[in-house]
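Below, each chain spelled out in residue letters.
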Amino acid sequence: MPLTPSDTAPRIALVGATGAVGTTLIELIEERGFPYREIHLVASARSAGRELTVDGRSYRVAALDTFDFSTVDLAFFSAGGSVSRKWAPAAVAQGALVIDNTNAFRMDPATPLVVPQVNAHELDRRPDSGIIANPNCSTIPLVRLLRPIEDRWGIRQAVVSTYQAASGRGHAGMAELREATRVTLENPTGDAPAEEFTPTLAFNVIPFVDELLESGFTLEEQKMLQESRKILGVPHLDVTTTCVRVPVVNCHSEAAWIECADVVDRDELVRLLAAQPEVTVHDRDAIGGFPTPRTAGDPDHVHVGRIRVAPHNPRGFWLWLVSDNLRIGAALNAIQIAEALTERGTL
Ligand SMILES: NC(=O)c1ccc[n+]([C@@H]2O[C@H](COP(=O)([O-])OP(=O)(O)OC[C@H]3O[C@@H](n4cnc5c(N)ncnc54)[C@H](OP(=O)(O)O)[C@@H]3O)[C@@H](O)[C@H]2O)c1
């Protein structure tokens, strides 16, 4: 079904098709039956000529620097910020609409930053920049929960700690965690690989994700504040974060303390979160009654647990969330943007 000869199905390109996000995009295109008339797989010259399969057909990977974007209607970019900064405007100039997974254009006023479950109305018209930005992988699941909480009780402040998996650094991050773990098990006092994550991530946690800013916060922490404000349309929203890398292969987790303007009823909060699209609430305290990266279940849902209204301050509560960063935090959100564009006829 997905390879659709119809004139209306888009011709698509996946830039970064060989990467962790790109291969997840291919999986989701297959699983969801996303319709396309043509598909082009694009990566760096290193991978040009490699064969990848989509929907049972084999395709040769094309090199980005010779790819002609006038042959496609829609291009997904998942190949790093510098690649998007250079090539996404060129793709737009050649007539493609771009869905960008990097942070290159997220804060550009002419570029909507979209989580379809939160602000799909941004897709009612083609953006001025020709680019739609996909938010940061930790921001997406958080804003999907903050939206109904803000609407019901008003948020005074959200204090968030992230527990981010190695897959946030792509194939190289996952490979380094596996190798560093193997090396450390063999020789606990020896040197383990520490290029993607410094110091080594094996048997460690690192309170540092992305680069350090003058403010003392990291870029990842700043992204969670700025992007949440832009997506929710609440310019003074107070979200403050500590982003931490943990030795988990895939799936980010977050612990969030959310203080509201009004007193929160726990039963109503549980019902409200459980009613959100593609959200599963795990509302039991027994072991196994809360989500973890290994046991959460449906990878296309945001999983929430440990919901606790503070007895000494019933305007505030804690929750724990688990979300697949390669799917919900990147590829799934991008495909859901494309699906929403198709439904609206704005592709
Ligand atoms: N991983 C996540 O959870 C996540 C979440 C949200 C957003 N993102 C963003 O998505 C992007 C990709 O992440 P990833 O995790 O998939 O990384 P990855 O596994 O390292 O894959 C990188 C991809 O980009 C391609 N690439 C690198 N340099 C290129 C160049 N100069 N020209 C053309 N293609 C180039 C690579 O192609 P080759 O095979 O040819 O090297 C590969 O296909 C990054 O910007 C990242 O910030 C990632």
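This structure is a prediction, so every number in the text was calculated from the model and none was measured.

*Asks:* Whenever I open this one, the environment of Pro 291 confuses me. Can you help?
*Replies:* Along the chain, Pro 291 falls in the loop between β12 (279-282) and β13 (302-310). Residues Pro 291 and Glu 122, 169 residues apart in the sequence, show an inter-C-alpha distance of 31 Å. With sequence-adjacent residues up to four places away left out, Pro 291 is seen in contact with His 282, Ala 296, His 303, Val 304, Gly 305, Trp 320 and Val 322.

*Asks:* Can you help me understand the layout of surface pockets in this one?
*Replies:* It is the rolling of a water-molecule-sized probe over the atoms that shows where space remains empty. Its volume calculated, the second largest pocket comes out at about 190 Å³. Lining the second largest pocket are Asp 7, Thr 8, Ala 9, Pro 10, Pro 35, Arg 37, Asp 73, Gly 95, Arg 126, Thr 342, Gly 345 and Leu 347. The class makeup of the residues in the lining of the second largest pocket is four nonpolar, four polar and four charged.

*Asks:* Whenever I open this one, the site of the ligand confuses me. Can you help?
*Replies:* In the vicinity of the ligand lie 27 residues, with Thr 18, Val 21, Ser 44, Ser 47 and Ser 167 positioned nearest. Contact between the ligand and Gly 19: an oxygen atom at 3.0 Å from a main-chain N or O atom of the residue. Contact between the ligand and Ser 47: an oxygen atom at 2.7 Å from a side-chain N or O atom of the residue. Out of a free accessible area of 900 Å², the ligand has 77% covered by protein chains. If you list the elements that add at least two residues to the shell around the ligand, you get α1 (20-32), α2 (81-93), α5 (170-186) and α8 (327-344).

*Asks:* Would you mind showing me how to read the sheet that holds strand β5 (residues 62-63) here?
*Replies:* A sheet is described by the order of its strands in space; here six strands give the open sequence β5-β2-β1-β6-β7-β8, paired in parallel fashion. At either end of the open sheet lies a strand with only one pairing partner, and these are β5 and β8 (131-133). Inspection of the sheet shows strand β7 (residues 97-100) paired to β8 by three bridges, in the parallel sense. Within β8, the residue paired with Asp 100 across the bridge is Ala 133. Strand contacts of α2: β6 (74-77), β7 and β8, with the helix running at about 175° to β6, the strand carrying the most contacts. Docked against the sheet, α8 engages β6, β7 and β8, running at close to 150° with respect to β7.

*Asks:* How do you make sense of the nonpolar core when you look at a structure like this?
*Replies:* The nonpolar side chains of a soluble globular protein tend to be buried with one another. Counting 74 residues, the largest nonpolar core has Leu 41, Ile 258 and Leu 319 as its most contacted members. Among the elements that line this core, the one with the most residues is α8, at ten residues. Sequence-distant contacts of Leu 41, that is, excluding residues within four places in its chain, are made with Leu 14, Ala 17, Ile 26, Leu 52, Val 54, Tyr 59, Arg 60, Val 61 and Ala 62. If you look at the next biggest cluster of nonpolar residues, it comprises 17 residues, including Phe 69, Val 72, Trp 87 and Val 98.

*Asks:* Before we go on, may I ask you to explain the environment of Val 322 in this structure?
*Replies:* Its place among the elements puts Val 322 in strand β14 (residues 313-323). Sequence separation of Val 322 and Val 281 is 41 residues, and the distance between their C-alpha atoms is 11 Å.

*Asks:* Even after reading the chapter, I still don't get the pattern of salt bridges, so can you show me in this structure?
*Replies:* Close approach of charged atoms lets side chains of opposite charge pair. Going through the model one piece at a time under the given rule, you end up with 18 salt bridges. With a shortest N-O distance of 3.5 Å, Glu 27 and Arg 327 are connected by a salt bridge. A residue pair is termed long-range when its members are at least 10 positions apart, and Glu 27 in helix α1 and Arg 327 in helix α8 qualify at 300 residues. Here Arg 344 ties to Asp 124 by a salt bridge, and the two come within 2.7 Å at their closest N and O atoms.

*Asks:* Teacher, can you tell me more about helix α4 (residues 139-153) here?
*Replies:* Between the first and last C-alpha of α4 there are 20 Å, a value that for 15 residues agrees with the 21 Å anticipated at 1.5 Å per step. In α4, a bend of some 25° at Leu 146 exceeds every other bend along the element, and Pro 148, a proline, comes one to four places later. For α4, the buried fraction is high: eleven of the 15 residues fall into the buried class. When α4 is considered as a whole, its buried residues turn out to be Thr 139, Ile 140, Pro 141, Leu 142, Val 143, Arg 144, Leu 145, Leu 146, Pro 148, Ile 149 and Trp 153.

*Asks:* Explain the sheet that holds strand β11 (residues 252-260) to me, please; I cannot follow it from the model alone.
*Replies:* In any sheet, the strands associate via hydrogen bonds between backbone groups, in a parallel or an antiparallel arrangement. Spatially, β10-β9-β11-β14-β13-β12 is the arrangement adopted by the six strands of the open sheet, whose pairing is mixed. Strands with a single pairing partner mark the edges of an open sheet, and in this sheet they are β10 (239-245) and β12. Strand-to-strand, the axes of this sheet are offset by a mean angle of 20°, without reference to chain direction. Sheet topology note: the strand β9 (residues 155-164)/β10 ladder contains seven bridges and is parallel. Its bridge partner being in β10, Gln 164 is matched across the sheet by Arg 245. Each of β9, β10, β11, β12, β13 and β14 is contacted by α4, which is oriented at about 15° to β11, the strand it contacts most. Contacts from helix α6 (residues 219-232) reach β9, β10 and β11 within the one sheet, and its direction differs from that of β10 by about 140°.

Calculation notes
- Residues numbered from 1 in each chain as written.
- Predicted model: local features only at pLDDT ≥ 70, side-chain atom pairs only at ≥ 80, totals over all residues.
- Heavy atoms only, no water.
- Helix = DSSP H or I, 4+ residues; strand = E, 2+ residues; numbered from the N terminus.
- Contact = heavy atoms within 4.5 Å.
- 1 Å grid on protein atoms, 1.4 Å probe; cavity = no way out; pocket = protein on both sides within 12 Å on 5 of 7 lines; lining within 4 Å.
- Points joined across faces, edges and corners; volume = space filled by probe spheres on them.
- Nonpolar A, V, L, I, M, F, W, Y, C, P; charged D, E, K, R; others polar.
- Near = heavy atom within 4 Å.
- Polar contact = N/O pair within 3.5 Å; in protein donor to acceptor, adjacent residues only side chain to side chain.
- Areas by Shrake-Rupley, 256 points an atom, 1.4 Å probe, with all protein chains shown as cover.
- Pairing = 2+ DSSP bridges.
- Axes fitted to C-alpha atoms, helices over the stretch in contact; angles between N-to-C directions.
- Core = buried A, V, L, I, M, F, W, Y, C linked by side-chain atoms within 4.5 Å.
- Buried < 20%, exposed > 50% of the residue type's maximum accessible area, 1.4 Å probe, protein only.
- Salt bridge = Lys/Arg side-chain N within 4 Å of Asp/Glu carboxyl O.
- Expected span 1.5 Å × (residues − 1).
- Bend = angle between axes of the 7 residues up to and from the residue.

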